[in-house]
Amino acid sequence: MHEFSLVKKEVEKALGKVAGKKVSRVKFLLGRMAHGNPQSIREAFKIAAAGTALSGAELEVVVVEPKVKCGGCGKVFNVDKEINLSCPHCNSKSNELVSGEECYIENIEIED
Ligand SMILES: [Zn+2]
């Protein structure tokens, strides 16, 4: 269960930031090209957060669509699964994935 160790690491990082305060909401970014799915992230989060300041927090999993940046013209465009596509603007085959592999906590809200 690869995503569990990733989620656990993220939970530990977040715990370091909140310094024992109770967390009400957690926003988790999950790229479509990353391992896992929202359901497995939720389950991993529940286990990793149990007994910590993050337990009971509302978890929002935001799925990030993959995007690549063209090495030819610099434009950023959406892709499905295959990243080795020609650029729709200039036909260049040189491109790099700029989003879609996220697997981390982006934001936490602390209870007042
Ligand atoms: Zn291009």
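Going by the structure above, here's the rest.
The text that follows walks through the structure, step by step, so that each part is easy to find. Note that this is a predicted model, so its numbers are computed, not measured. (Residues numbered from 1 in each chain as written. Predicted model: local features only at pLDDT ≥ 70, side-chain atom pairs only at ≥ 80, totals over all residues.)

### What to know about the overall build of the protein
Logical step 1: When helices and strands are tallied, the protein shows two helices and six strands.
Logical step 2: In sequence order, the secondary structure elements of the protein are arranged as α-β-α-β-β-β-β-β.
Logical step 3: On C-alpha atoms alone, the protein measures out to a radius of gyration of 17 Å, which is more than a quarter above the 13 Å that the 2.2 N^0.38 rule sets for 112 residues.
Logical step 4: Principal axes of the C-alpha set define a box for the protein whose edges measure 50 × 30 × 20 Å.
Logical step 5: Split into buried and exposed, the 112 residues of the protein put 23% on the buried side.
Logical step 6: For the protein, restricting intrachain contacts to residue pairs at least 6 apart in sequence, the fraction spanning at least 24 positions comes to 72%. (Helix = DSSP H or I, 4+ residues; strand = E, 2+ residues; numbered from the N terminus. Rg over C-alpha atoms; globule rule 2.2 N^0.38 Å. Buried ≥ 20, exposed ≤ 12 C-beta atoms within 10 Å, placed from the backbone. Contact = placed C-beta atoms within 7 Å.)

### Details of the environment of glutamate 102
Logical step 1: For glutamate 102, the position within the fold is in the loop between β5 (95-99) and β6 (103-110).
Logical step 2: When the C-alpha atoms of glutamate 102 and asparagine 91 are compared, they prove to be 27 Å apart, with eleven residues separating the residues in sequence.
Logical step 3: When neighbours within four sequence positions are excluded, glutamate 102 is seen to be in contact with Leu29, Leu30, Gly31, Ala34 and Val64.

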